[in-house]
Protein chains: 2
Amino acid sequence: MAQFLNSISPDFEAAFTALLSMKREDSPDVDDAVAEIIADVRDRGDQAVIELTSRFDRLDLTPATLSFSAEEMDAEIAKVSDDDRAALELAAQRIRAYHDRQMPEDAQWQDAYGATLGWRWTPVGAAGLYVPGGLASYPSSVLMNAIPAQVAGVERLVICAPTPDGVSNPLVLLAARLSGIDTVYRIGGAQAIAAMAYGTETISPVDKITGPGNAYVAAAKRRVFGKVGIDMIAGPSEILVIADKDNDPDWIAVDLLSQAEHDESAQSILITDDQDFGNEVAKAVERYLETLDRRSIASASWRDFGAVIVVQDMDEALVLSDRIAPEHLEIACADAEGLAARVHHAGAIFIGAWTPEAIGDYIGGPNHVLPTARSARFSSGLSVMDFIKRTTLARMTPEALRAIGPAAERLAQSEGLEAHGLSVRARLDKLNS
Amino acid sequence: MAQFLNSISPDFEAAFTALLSMKREDSPDVDDAVAEIIADVRDRGDQAVIELTSRFDRLDLTPATLSFSAEEMDAEIAKVSDDDRAALELAAQRIRAYHDRQMPEDAQWQDAYGATLGWRWTPVGAAGLYVPGGLASYPSSVLMNAIPAQVAGVERLVICAPTPDGVSNPLVLLAARLSGIDTVYRIGGAQAIAAMAYGTETISPVDKITGPGNAYVAAAKRRVFGKVGIDMIAGPSEILVIADKDNDPDWIAVDLLSQAEHDESAQSILITDDQDFGNEVAKAVERYLETLDRRSIASASWRDFGAVIVVQDMDEALVLSDRIAPEHLEIACADAEGLAARVHHAGAIFIGAWTPEAIGDYIGGPNHVLPTARSARFSSGLSVMDFIKRTTLARMTPEALRAIGPAAERLAQSEGLEAHGLSVRARLDKLNS
């Protein structure tokens with residue numbers, strides 16, 4: 001049973017603050033082990049990756065079998081049912097259509113002195129996507145990571161997806177192919193991250209690594225950051241639903257459970273302005289929890305981290321929502337659109353009762369890789385922007401330099417950087433000679 | 001004397017690779033010390049900050065004097081000369097004009113089924129800018145960090161700028177005021193980063209921390225990352241100049257030195273298609289080094305990390321340039337514009353001989369906070385984008401859900417996420433009832 005909070009209760013602020021600062025993750029300290037693995041891969045390349053894969057995934061590979069051959073991929077992909085294939089194709093198409101619109105424009109203009117200024121966007125050269133093995137091997141994650149990279153124009157895209165005991169996921173391989181990726185390495189863990197960051201005899205290094213993973217993968221990504229770019233280190237998933245009483249409690253209950261079933265550390269919160277409705281939803285959650293396949297996970301999440309918060313009105317709901325800065329925010333209220341427009345901090349908003357969050361996980365179009373643990377205060381979900389970078393451009397004319405050069409020289413002098421000033425002065429002298 | 005490389009020499013590839021992988025930074029391991037400082041500030045707040053400032057900066061503060069009062073700022077700013085003020089104002093105005101153009105547009109559209117999709121940009125709530133004390137206390141850095149935040153619409157902007165022995169930099173305070181910042185804390189080091197990330201009794205926490213700093217500051221930023229957003233961890237500065245023989249060797253020499261004088265770990269590289277011109281530039285560098293104020297720093301940088309690379313043609317120059325992925329790239333050649341358009345990886349390009357890199361440091365308009373150490377392969381300089389974040393939006397209609405909902409349900413089932421599927425199914429059942 002989740003906790004109930006009421007904003008008019010005298011201890012509400014304390015309880016809400018406690019809810020906000022709950023430590024949900026018990027990340028084991030694997031940093032030393034990861035440092036060793038990375039050093040080993042840098043040192044011994046393929047051989048280290050092969051030995052580590054044998055040890056952790058109980059799978060014996062050779063340099064030639066580190067990646068799936070085209071025939072192996074074909075054979076695996078052939079196992080996908082027509083229904084699954086059609087669903088994945090529709091998802092890929094919609095995700096691509098959404099991300100196509102994210103590509104920003106280059107810019108170039110002249111200032112009043114005739115200087116040309118601007119910037120240009122270029123894709124990263126190579127990107128590597130990590131896809132966890134086992135239970136968390138999600139084909140939807142492949143699409144969400146790979147398609148933005150593909151839209152960005154990344155030339156070389158590879159995947160590392162461990163196949164413990166040699167068991168691979170045909171849908172993951174199909175998702176790779178739908179995203180234009182031919183190279184899928186069947187390796188995982190810190191060794192996969194190290195191989196992508198530093199390269200081995202067989203695996204060319206990449207410039208950027210994205211994708212979710214366990215504690216080892218997360219620690220490895222932190223360590224190789226700087227050598228390569230990484231996306232965020234994602235924490236457990238969260239949903240906040242703001243709903244008024246004119247909703248079917250069952251719909252809201254199952255929306256809350258769609259996060260809770262991810263992970264015992266996931267967090268589902270309902271904010272409503274109607275106490276009775278809150279009670280109805282909580283009852284419906286308990287009912288679903290009796291039969292849900294993943295009920296042990298979902299129950300633990302709902303019991304330990306779930307909450308129903310009753311507020312006086314929706315203005316108050318928005319204030320609390322911004323303090324939570326939720327990864328996923330569902331607004332199922334009258335004037336949902338108007339409320340959504342007033343939200344400051346959220347990874348993704350699902351507007352209106354006909355938009356369950358699960359639509360965003362799979363098929364809506366927006367990315368499902370979103371900022372967790374209140375980081376929507378300062379960061380965004382994955383997008384095309386994560387796979388491009390901006391080069392700024394400046395071209396002075398003699399006239400422009402004459403106009404603004406003396407100020408640059410002055411500032412250089414005031415900062416004690418003589419050569420900076422001289423580089424401008426040499427040109428100004430020529431102009432004046 | 002810098003090293004000379006020639007691309008037709010048989011050992012060129014080995015020498016160039018060695019140049020690329022030179023370890024220029026000897027970052028001391030201060031991580032344990034920093035962890036202690038952060039824990040102390042989290043634990044004891046103001047009192048810890050005050051004691052650490054007394055110890056490291058030999059300055060005794062109270063909670064009331066942690067920040068400059070308006071009168072103190074006025075008095076310091078009054079010391080700035082008219083020339084310096086005018087130069088700084090011109091710089092602020094040009095930097096603002098450039099960054100004003102970076103604000104991206106929100107987007108909203110309807111798909112074929114009537115679903116509304118889009119995204120909205122919002123500023124981070126509060127940002128903290130770090131400004132080093134002592135020799136590296138650069139007013140230009142204040143403008144380059146603060147103005148993008150201001151343009152982004154960040155509501156609360158503060159600065160931490162240590163004043164060792166109580167000595168402050170009037171230009172830094174003027175730059176703060178020109179950027180709309182009224183709150184300047186005279187604290188530095190890891191304690192300042194900790195105070196901004198976690199807050200103290202006097203200092204409200206921020207959501208994002210940017211700005212350069214020493215090893216302690218860098219280590220502290222790494223540690224608080226996740227709790228707050230940070231910008232990149234900048235390495236020593238670099239410049240690559242691509243120049244043909246139709247240049248004044250003196251101009252190119254002093255451009256190279258304008259990076260070398262920053263730091264003994266800075267790196268300046270010239271690529272030219274004319275051996276004699278390369279020799280002339282190297283001679284000019286030596287001549288300048290005889291008299292330059294910061295000659296001991298610049299000489300060490302040029303000797304240890306400088307290079308002149310002779311290539312066969314400018315196509316080859318571009319290939320090498322992309323492998324270097326320079327922070328600053330100056331192109332002083334015939335068809336500089338055409339060459340610049342072909343560059344894939346560079347933080348900033350300065351096009352044509354009339355555009356010394358120093359213009360970009362101060363007054364051109366583009367940001368001078370740029371990716372170092374080859375990270376231009378995957379990251380961009382500081383911009384308005386660093387102070388905003390995107391919330392994705394989706395609103396289904398019943399018709400849209402009817403069209404795409406079944407595929408979402410299918411994918412949820414294939415990933416074993418039953419509640420995800422049920423959240424869609426509950427609505428589809430209602431539609432079909």
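Residues numbered from 1 in each chain as written. Chains lettered and ligands numbered in written order. Predicted model: local features only at pLDDT ≥ 70, side-chain atom pairs only at ≥ 80, totals over all residues. Heavy atoms only, no water.

Chain A carries the name Histidinol dehydrogenase in an unreviewed UniProt entry, which gives Litoreibacter roseus as its organism. In the Function (unreviewed entry) part of its UniProt record, chain A is described as follows: "Catalyzes the sequential NAD-dependent oxidations of L-histidinol to L-histidinaldehyde and then to L-histidine." Under the heading Sequence similarities (unreviewed entry), UniProt records this for chain A: "Belongs to the histidinol dehydrogenase family." (UniProt positions renumbered as here; feature names shortened; annotations may be inferred.)

Below, the discussion takes up the environment of Asp31 of chain A. Residue and element names in this part refer to chain A. Looking at the element boundaries, Asp31 is found in helix α2 (residues 31-44). Judged by relative accessible area, which is 29%, Asp31 ranks as partly exposed. Separated by 132 residues in the primary sequence, Asp31 and Thr163 place their C-alpha atoms 23 Å from one another. Discounting chain neighbours no more than four positions away, the residues touching Asp31 are Ala219 and Arg223. (Helix = DSSP H or I, 4+ residues; strand = E, 2+ residues; numbered from the N terminus. Buried < 20%, exposed > 50% of the residue type's maximum accessible area, 1.4 Å probe, protein only. Contact = heavy atoms within 4.5 Å.)

The next point concerns the pairing of strand β9 (residues 238-243) of chain B. Residue and element names in this part refer to chain B. Here β9 lies mainly inside the structure; 6 of its 6 residues are buried. The side-chain alternation of β9 yields two buried faces, one formed by Glu238, Leu240 and Ile242 and the other by Ile239, Val241 and Ala243. Summarising the sheet, β9 and strand β10 (residues 267-272) pair through 6 bridges and their orientation is parallel. Its bridge partner lying in β10, Leu240 is registered against Ile269. Viewed along the sheet, the connection from β9 through helix α10 (residues 249-260) into β10 turns out right-handed. (Pairing = 2+ DSSP bridges. Right-handed = clockwise from strand over helix to strand, strands pointing away.)

Attention now goes to the UniProt feature "binding site: NAD(+)" (unreviewed entry) in chain A. Residue and element names in this part refer to chain A. Residues annotated in UniProt with the feature "binding site: NAD(+)" (unreviewed entry) correspond here to Tyr130, Gln191 and Asn214. Spatially, the listed residues are clustered: although they cover 85 residues, their C-alpha atoms lie within 12.6 Å of one another. Structurally, Gln191 is set in helix α8 (residues 189-198). Those residues in contact with Gln191 that sit more than four places away from it in its chain are Ile37, Val41, Val49, Leu52, Thr53 and Phe56. The topology assignment puts Asn214 in the loop between β7 (208-210) and α9 (215-224).

Turning next to the UniProt feature "active site" (unreviewed entry) in chain A. All names here are of chain A. Listed under "active site" (unreviewed entry) in the UniProt record, and renumbered for this structure, are Glu327 and His328. As for its placement among the helices and strands, Glu327 is situated in the loop between α13 (314-324) and β12 (328-332). Apart from the residues lying within four places of it in its own chain, the contact partners of Glu327 are Pro236, Ser237, Glu238, Gly347, Ala348, His368, Leu370, Pro371 and Thr372. Locating His328 in the fold gives a position in strand β12.

Time to look at the interface of chain B and chain A. On the side of chain A, 116 residues touch chain B, which itself brings 115 residues to the contact. Where chain B abuts chain A, roughly 10,100 Å² becomes buried across the two surfaces, and 59% of that area is made up of carbon and sulfur atoms. Seen at the junction of chain B and chain A, the total is 12 salt bridges. The partner of Arg395 of chain A in a salt bridge is Glu337 of chain B, and the shortest N-O contact between them spans 2.7 Å. Here chain B is connected to chain A by 64 residue pairs in polar contact (both at pLDDT 80 or more). (Buried area = accessible area lost by both parts, 1.4 Å probe. Salt bridge = Lys/Arg side-chain N within 4 Å of Asp/Glu carboxyl O. Polar contact = N/O pair within 3.5 Å; in protein donor to acceptor, adjacent residues only side chain to side chain.)

For the coordinates displayed, the defined rule picks out 47 salt bridges over all chains. Between Arg410 of chain A and Asp84 of chain B there is a salt bridge, and its shortest N-O distance comes to 2.8 Å. Taken as a pair, Arg410 of chain A in helix α16 (residues 398-414) and Asp84 of chain B in helix α5 (residues 82-100) lie in two separate chains rather than in one. Judged by relative accessible area, which is 9%, Asp84 of chain B ranks as buried. When the shortest N-O distance is used, the salt bridge between Arg58 of chain B and Asp165 of chain B registers 2.7 Å. Note that Arg58 of chain B is positioned in the loop between α3 (46-57) and α4 (70-77) and Asp165 of chain B in the loop between β5 (156-160) and α7 (170-178), a separation of 107 residues in sequence. Taking the relative accessible area as the measure of exposure, Arg58 of chain B reaches 49% and is therefore partly exposed. The class of Asp165 of chain B is partly exposed, set by a relative accessible area of 48%. Connected via shared salt-bridge partners are Asp40, Arg44 and Glu51 of chain A.

Each aromatic ring pair is described using two quantities: the centre-to-centre distance and the angle formed by the ring planes. Tallying each qualifying case throughout the model produces 10 aromatic pairs over all chains. Their ring planes at 65° and their centres at 5.1 Å tell us that Trp251 of chain A and Trp354 of chain A sit as a pair that is edge-to-face. Taken together, the positions of Trp251 of chain A in helix α10 (residues 249-260) and Trp354 of chain A in the loop between β13 (348-351) and α15 (357-362) put the pair 103 residues apart, joining distant regions of the chain. Trp251 of chain A gets classed as buried once you look at its relative accessible area, which sits at 8%. Measuring from ring centre to ring centre gives 5.7 Å for Trp109 of chain B and Trp119 of chain B, while their planes differ by 80°; the resulting arrangement is edge-to-face. Here Trp109 of chain B, found in strand β2 (residues 107-110), pairs with Trp119 of chain B, found in strand β3 (residues 116-123); they are 10 residues apart in sequence, far enough to count as distant. No difference in accessibility class separates Trp109 of chain B from Trp119 of chain B, as the two residues are buried. (Phe/Tyr/Trp six-rings, centres within 6.5 Å; stacked < 30°, edge-to-face > 60°.)

Okay, unusual backbone geometry next. All names here are of chain B. Phi at Asp165 is positive, roughly 55°, even though this residue is not glycine. The phi torsion at Ala373 lies on the positive side, around 55°, for a residue other than glycine. As for its placement among the helices and strands, Ala373 is situated in the loop between α15 (357-362) and β14 (388-395).

Residue and element names in this part refer to chain A. When cut into domains, chain A gives domain 1 (3-25 + 235-364), domain 2 (31-108 + 123-230) and domain 3 (396-432). One C-alpha centre belongs to domain 1, the other to domain 2, and the line joining them spans 32 Å. Taken together, the contacts link 7 residues of domain 1 with 9 residues of domain 2. Taking both partners together, domain 1 and domain 2 bury about 580 Å²; carbon and sulfur atoms supply 54% of that area. (Domains from an automatic or database assignment.)

Looking now at a negative patch on the surface. Residue and element names in this part refer to chain A. Residues Glu25, Asp26, Asp263 and Glu264 make up a contiguous surface patch of negative charge. Within the fold, Asp26 resides in the loop between α1 (12-20) and α2. By relative accessible area, Asp26 is classed as exposed at 66%. (Patch = residues over 30% accessible without salt bridge, like charges linked within 9 Å, V, L, I, M, F, W, Y side chains within 5 Å. Areas by Shrake-Rupley, 256 points an atom, 1.4 Å probe, with all protein chains shown as cover. Lys, Arg positive; Asp, Glu negative; His and termini not counted. Charge placed at Lys NZ, Arg CZ, Asp CG, Glu CD.)

Residues and elements named next belong to chain B. At a minimum axis distance of 9 Å, the contact between α5 and helix α6 (residues 139-152) shows a crossing angle of 35°. Judged by the sense of rotation from one axis to the other, the crossing of α5 with α6 is right-handed. Side by side, α5 and α6 meet where Leu88, Ala91, Ala92, Ile95, Arg96, His99 and Asp100 of the first sit next to Pro139, Leu143, Met144, Ile147, Pro148, Gln150 and Val151 of the second. Taken together, the residues of the contact of α5 with α6 break down into 10 nonpolar, 2 polar and 2 charged. (Axes fitted to C-alpha atoms, helices over the stretch in contact; angles between N-to-C directions. Left-handed = near helix turned anticlockwise from the far one by under 90°. Nonpolar A, V, L, I, M, F, W, Y, C, P; charged D, E, K, R; others polar.)

Residues and elements named next belong to chain A. For the pair α10 and helix α11 (residues 275-291), the least separation of the axes is 8 Å and the interaxial angle reads 60°. As judged from the angle between their axes, α10 and α11 are oblique. In terms of crossing hand, the pair formed by α10 and α11 is right-handed. Where α10 abuts α11, its residues Pro249, Asp250, Ile252, Ala253, Val254, Leu256 and Leu257 lie against Phe277, Glu280, Val281, Ala284, Val285, Arg287, Tyr288 and Leu289. For the contact of α10 with α11, a count of residues per class yields 12 nonpolar, no polar and 3 charged. (Parallel < 35°, antiparallel > 145°, perpendicular 65-115°, else oblique.)

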